[in-house]
Each structure stands twice: as C-alpha cells, then as structure tokens.
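The chain contents come next:
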Amino acid sequence: MAVIPVDIAGRPYDVHVGTGLLANLAEHCRGVLRKRTVPIVTDSNVHALWGDVVENALRSEGYEPAWRILPPGEQTKSWDELAATVNWLLSLEVERGDHVIALGGGVIGDLTGFCASVLKRGCNFIQLPTTLLAQVDSSVGGKTAINTPAGKNLVGAFHQPALVLADLAALETLPRRELLAGYAEVVKYGLLGDAAFFAWCEEHAAAMLNGDAALREYAVAHNVAAKARIVAEDEFERSGTRALLNLGHTFGHALEAQTGFSDALLHGEAVAMGMVLAARYSARKGLLQPVDTERVARHIEAIGLPADLARLDLRANGQVLVGHMLHDKKMDAGTLPFVLMREIGRAFLDREVDLADVASFLDEQLA
Ligand SMILES: NC(=O)c1ccc[n+]([C@@H]2O[C@H](COP(=O)([O-])OP(=O)(O)OC[C@H]3O[C@@H](n4cnc5c(N)ncnc54)[C@H](O)[C@@H]3O)[C@@H](O)[C@H]2O)c1
Ligand SMILES: [Zn+2]
C-alpha cells in the first residue's frame, strides 16, 4: 500500500492506495469515526457490488452504517439530490466534527463533498473512490460540485476530504469502458508534466489496464502524488498551476456539450480526444514537434480511446464546437485559456488563443 500526503495548508490529509482497503475500512478509519452511526452515500451500482463489503467491515468493528443509495449517473449531481441528501444528513444529526463517507465514482464524490461543505457550514468527509477516474482525479483536491440547467459543475465549493482510501480491488468490477475513460486522466499527468511517466504509460498501460495489480498501484499512487503536488501549490486554481490539469478539457468540453453530456461520449473519452486535439493544435502553432503529436495520438488509439475527430459522430463544424467553448466555465473576462504543449511532459497555459483559428483547425480535423 502507498500513502500519499496532500499538504494543504492547515488541512493536510492522506490518500491511501492499495488493495483491500474497503474490506478493512474500519481499521483505516479508527480514531476518525466518532459515533456508532456512519452515514454513507453511494449509488445503486456500487452498493450492489461493494455494499456488503463495506457493511461487514463497519459492523465487525461495532459501527452501524446508514446508507443513502442514489441513482447512478450524472443527473444525480443535482440541486434536488443536494437538498435531499443534506436533509438526510440533518435527520441523522450529523455534526461538524463527524465524517460523511462517499463510496463511488466522481458523481458520488462531488455530490457528497458538496453536501459536506454546506452541512452546518462544513463537516468532515471521507472519499472511498471506486472508479479509476475518481481514484486519480476527482477524490483528491477538494473540488466538489453539482450540475444545473446552465451547465455542468457550475455550482460547488472547494472542500477537502479528511481521508481518501482508494481501493484497487474496486477496479475489478468497473466496466472496461469506464476503466479506459479513467485512464485518460492518468495519461494526462504524463502529458502535462512528466515525460518519463508518459513513456511508462506507453510501455505498461495495456498490462495495467488488463489487471496487473502492481502496475495499477504504481499508476494510481504516482498520479495521486502528482495531483497532490499541484493542489498543494495552487489549492484554489489561482496561479495557473492547477489549470494545467485541464489539459484536453477545453476541446473535450466542446465534444461533451455537442453530444449532450450523454453516454455517447464519456468524459474521459472526450478528454482523450481533447488531448490529441491539444497536441495537434500545439503542432499547428509550431510549438510541438509533429512526431510527438503522432506519438500522443498513437498511444491514445492503441489503448482504445478516441483519437480521430472525424470518426466521432458529432454532426458539427468547427464554429459550432467553438460555440460550446464560449460556455466553458474556464472563460475568463472574454478569453478562454487553453492548455497547450511545448513537448510531451511540458504543458503551459495559453491565454491568447484565437478562437476563429481554433474553429478552422477543428474543421480540418473533422474533414
Ligand atoms: N471534483 C473533481 O476534481 C473532479 C474531477 C474530474 C471529474 N469530476 C466529476 O466526476 C464525475 C465522473 O466520475 P466517474 O467517471 O467516476 O463517474 P461515475 O461516478 O458516474 O461512475 C461511472 C459509472 O461506474 C459505476 N461504478 C462506480 N464504481 C464502480 C465499480 N467499482 N464497479 C462497477 N461500477 C462502478 C457508477 O455507478 C457509474 O455508473 C463527473 O461528474 C465529473 O464532473 C470531478
Ligand atoms: Zn477530467
């Protein structure tokens, strides 16, 4: 098992990465849970697969889990579920010093974290991420949010968890498509700041995705450590360091918006395509060598993620996709910062990208 400290000023916490953490949950939470009743928010998929493991782990140490089992899917990150879940926590008389547990993917983590951030002006919460995406990305760093009719993740708070336990065993039940989508965020860390890790991905990702436990632990722990460093440096995304985590996300957001944020294109699939587009656009601007661009595209494609824009059924042109970008929450006083690459492992924030140029680039890619 690896333990990675997240060194946030005033509220440091640990991320544990290993196999069997859910089965030994009570042991890892010893000294943290103050009361017999332990509120746990999850979704019905995760509950069906992992509910008994968590239930038994807590009961064996004398705890009594109180479950809130929500429907799976993005629509659960809503005002309605926020209100209902906060009311449920209030009915359990959860106090500020208590811990609420989030068991699931990013949807459950984002909603539960936001509930915890507003409950009595902020109570503690523990993340038990069960998707690869949640383990390497959403469970660490304290961004919480819900979706509103105006868009995704537009309402939320920065609220750090008190503890994160990323059980690699949970990945065993994750559908392959979700695993691959999560992998997009893994390879992102290599592309934005760690060329050696990108090379590791080229060599080991296939075996890692096929279930090699040691490779999984290395990949997740390495990514968590990278995210921990970035978040400790720029907790509130002010200096630009944290914004590098948006590599592939500005292009990706446009693709997700065009496909209605539906299962037609998962977030990670859009990010994978988005990273290829960021690489190709960087090359078009003479920043990145075409050979490196092709290396990125080849790897994404080899893993089974989308790397060819023309092959997606988008029914859009460059102008339409750029139109979606204008509603991106990263818009800042009329400009949209793009994360571009100078080399593999050397990303930077470009605040002066010409959106008309992006539209014609996208038209070329769609042709
Ligand atoms: N807070 C952040 O910093 C941050 C970062 C990235 C993404 N996000 C958010 O995360 C969300 C996406 O997260 P996600 O990809 O984990 O999606 P998700 O939570 O919807 O999980 C994906 C699917 O996998 C199922 N599932 C979860 N764990 C499973 C397991 N172990 N076995 C079998 N099935 C399992 C879920 O029920 C769901 O159907 C988005 O809402 C996104 O906005 C937040
Ligand atoms: Zn993402």
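First things first, this report covers the structure right here in the doc. Please read all numbers here as calculations on a predicted model, not as lab measurements. (Residues numbered from 1 in each chain as written. Chains lettered and ligands numbered in written order. Predicted model: local features only at pLDDT ≥ 70, side-chain atom pairs only at ≥ 80, totals over all residues. Heavy atoms only, no water.)

1. Points about the overall build of the chain
Okay, so step 1: A count of helices and strands for the chain gives 13 helices and 11 strands.
Okay, so step 2: Against the 2.2 N^0.38 benchmark of 21 Å for 367 residues, the chain shows a C-alpha radius of gyration of 20 Å, consistent with a compact globule.
Okay, so step 3: Expressed as lengths along the three principal axes of its C-alpha atoms, the size of the chain is roughly 60 × 40 × 40 Å.
Okay, so step 4: Scored against the burial criterion, the 367 residues of the chain give a buried share of 59%. (Helix = DSSP H or I, 4+ residues; strand = E, 2+ residues; numbered from the N terminus. Rg over C-alpha atoms; globule rule 2.2 N^0.38 Å. Buried < 20%, exposed > 50% of the residue type's maximum accessible area, 1.4 Å probe, protein only.)

2. Observations concerning helix α6 (residues 176-193)
Okay, so step 1: A rise of 1.5 Å per residue sets the reference length of α6, with its 18 residues, at 26 Å; its end C-alpha atoms lie 27 Å apart and thus fit the reference within 8%.
Okay, so step 2: Within α6, 14 of the 18 residues are buried, leaving the element largely enclosed by the surrounding structure. (Expected span 1.5 Å × (residues − 1).)

3. A look at the nonpolar core
Okay, so step 1: Counting 84 residues, the largest nonpolar core has Tyr183, Phe251, Met325, Val358 and Leu362 as its most contacted members.
Okay, so step 2: Considering every element that reaches this core, the biggest residue donor is helix α10 (residues 267-284), with 10 residues.
Okay, so step 3: Residues contacting valine 358, with those up to four places away along its chain left out, are Phe251, Tyr281, Val322, Met325, Phe338 and Val353.
Okay, so step 4: By size, the runner-up hydrophobic cluster in this structure holds 23 residues, among which are Leu22, Leu58, Tyr63 and Ile101. (Core = buried A, V, L, I, M, F, W, Y, C linked by side-chain atoms within 4.5 Å. Contact = heavy atoms within 4.5 Å.)

4. Digging into the site of ligand 1
Okay, so step 1: Every one of the 26 residues lining ligand 1 counts as a neighbour, but Asp43, Lys77, Thr130, Thr131 and Thr173 are closest to it.
Okay, so step 2: Lysine 77 is positioned with one of its side-chain polar atoms (N or O) 2.7 Å from an oxygen atom of ligand 1.
Okay, so step 3: Notes on ligand 1: free accessible area 860 Å², of which the protein chains cover 88%.
Okay, so step 4: Elements with a minimum of two residues in the shell around ligand 1: α2 (44-59), α4 (106-118), α5 (132-138) and β8 (151-158).
Okay, so step 5: Class assignment of the residues belonging to the shell around ligand 1 gives a composition of 9 nonpolar, 8 polar and 9 charged. (Near = heavy atom within 4 Å. Polar contact = N/O pair within 3.5 Å; in protein donor to acceptor, adjacent residues only side chain to side chain. Areas by Shrake-Rupley, 256 points an atom, 1.4 Å probe, with all protein chains shown as cover. Nonpolar A, V, L, I, M, F, W, Y, C, P; charged D, E, K, R; others polar.)

5. Let's talk about the coordination of the zinc ion (ligand 2)
Okay, so step 1: Around the zinc ion (ligand 2), the donor atoms from the protein are Glu185 (OE), His249 (NE2) and His267 (NE2), and they sit 2.0 to 2.1 Å away.
Okay, so step 2: Mapped onto the sequence, the donors of the zinc ion (ligand 2) take the spacing E-x63-H-x17-H. Note that glutamate 185 is positioned in helix α6 and histidine 249 in helix α9 (residues 249-258), a separation of 64 residues in sequence. Both residues of the pair, glutamate 185 and histidine 249, belong to the buried class. (Donors = N, O, S within 2.8 Å, 3.2 Å for Na, K, Ca; no water.)

6. Topic: the packing of α6 against helix α7 (residues 195-209)
Okay, so step 1: Close contact between α6 and α7 brings their axes to 7 Å; oriented N to C, the two are set at 165 degrees. Judged by the angle between their axes, α6 and α7 are roughly antiparallel. By crossing handedness, the relation of α6 to α7 is classed as right-handed. Along the contact surface, α6 presents Arg176, Leu179, Leu180, Tyr183, Val186, Val187, Gly190, Leu191 and Gly193, while α7 presents Ala195, Phe197, Phe198, Cys201, Ala205, Met208 and Leu209.
Okay, so step 2: A class-by-class count of the residues in the contact of α6 with α7 yields 13 nonpolar, 2 polar and 1 charged. (Axes fitted to C-alpha atoms, helices over the stretch in contact; angles between N-to-C directions. Parallel < 35°, antiparallel > 145°, perpendicular 65-115°, else oblique. Left-handed = near helix turned anticlockwise from the far one by under 90°.)

7. Some details on the pattern of salt bridges
Okay, so step 1: The final tally for this structure, using the stated rule, is 29 salt bridges.
Okay, so step 2: Across the salt bridge formed by lysine 77 and aspartate 110, the nearest N and O atoms sit 2.9 Å from each other. Here lysine 77 is found in the loop between β4 (64-70) and α3 (79-91), whereas its partner aspartate 110 is found in helix α4, with 33 residues between them in sequence. Across the pair, exposure class does not vary: lysine 77 and aspartate 110 are buried alike.
Okay, so step 3: When salt bridges with common partners are traced through the structure, they connect Glu74, Lys77, Asp110, Lys152 and Glu256 into a single cluster. (Salt bridge = Lys/Arg side-chain N within 4 Å of Asp/Glu carboxyl O.)

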